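# An overview of the molecular structure
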Amino acid sequence: GMFAGTLWFVALGEEFFFRGLIQRWIGLPIASLLYGLSHLGFRSFPNWKHVALTIVLGIFCGLAYRQTKSVRAAMVTHALANGIWVGIFGKF
């Protein structure tokens, strides 16, 4: 359930925006940084630990997108990472 929910309700929009638009226009490093910064207010403000984690996730999603030239690969990477995180730590 976590994978499907993340895939269709979170990763779809975020990956189309950050990989399909931002990364295509200005590149992987800046897209990953902006992706991380967009999570600055997650659970508390400022949440720099979450920003750092999402920058790393952004790099992996960006590499998946670059390798396959498909936003779907970035979406699956995103959903898998979130699902694994919740599976290990029990919360997001």
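Bear in mind that the values here come from a model prediction, so they are computed numbers and not experimental data. (Residues numbered from 1 in each chain as written. Predicted model: local features only at pLDDT ≥ 70, side-chain atom pairs only at ≥ 80, totals over all residues. Heavy atoms only, no water.)

### A short note on the confidence of the model for the protein chain
- Taken as a whole, the protein chain shows an average pLDDT of 89; of its residues, 92% reach a score of 70 or greater.
- Ranking the elements of the protein chain by mean pLDDT puts helix α1 (residues 2-26) last with 85 and helix α2 (residues 28-37) first with 96. (pLDDT = per-residue confidence, 0-100. Helix = DSSP H or I, 4+ residues; strand = E, 2+ residues; numbered from the N terminus.)

### Focus on the packing of helix α3 (residues 48-68) against helix α4 (residues 71-89)
- Their axes nearest at 7 Å, the elements α3 and α4 cross at an angle of 145°. When the axes of α3 and α4 are compared, the crossing they make is right-handed. Here L53, L57, F60, C61, A64, Y65 and T68 of α3 lie close against α4, whose contacting residues are V71, A73, A74, T77, H78, A81, N82 and W85. (Axes fitted to C-alpha atoms, helices over the stretch in contact; angles between N-to-C directions. Left-handed = near helix turned anticlockwise from the far one by under 90°. Contact = heavy atoms within 4.5 Å.)

### Notes on the nonpolar core
- Judged by nonpolar contacts, A11, F18, I22, A31, Y35, L57, C61, Y65, V71, A74 and M75 together constitute the single largest core of eleven residues.
- Secondary-structure elements contributing two or more residues to this core are α1, α2, α3 and α4.
- Residues in contact with Y65, not counting those within four places in the same chain, are R19, G20, Q23, R24, S70, V71 and A74. (Core = buried A, V, L, I, M, F, W, Y, C linked by side-chain atoms within 4.5 Å. Buried < 20%, exposed > 50% of the residue type's maximum accessible area, 1.4 Å probe, protein only.)

### Considering unusual backbone geometry
- In this structure, P46 follows F45 across a cis peptide bond, with omega equal to -10°.
- Here R43, not a glycine, exhibits a phi torsion of approximately 70°, which is positive.
- In this fold, R43 is placed in the loop between α2 and α3.
- Of note, the phi angle at K69 is positive, near 60°, even though the residue is not glycine.
- Inspection of the secondary structure assignment puts K69 in the loop between α3 and α4.
- Judged by relative accessible area, which is 70%, K69 ranks as exposed.

### Description of a nonpolar patch on the surface
- A surface patch of nonpolar side chains, about 890 Å² in accessible area, is lined by F17, L21, W25, I26, I30, L33, L34, L37 and W48.
- Listed by contribution, the elements that provide at least two residues to the nonpolar patch are α1 and α2.
- Considering the arrangement of structural elements, one finds L34 in helix α2. (Patch = residues over 30% accessible without salt bridge, like charges linked within 9 Å, V, L, I, M, F, W, Y side chains within 5 Å. Areas by Shrake-Rupley, 256 points an atom, 1.4 Å probe, with all protein chains shown as cover. Salt bridge = Lys/Arg side-chain N within 4 Å of Asp/Glu carboxyl O.)

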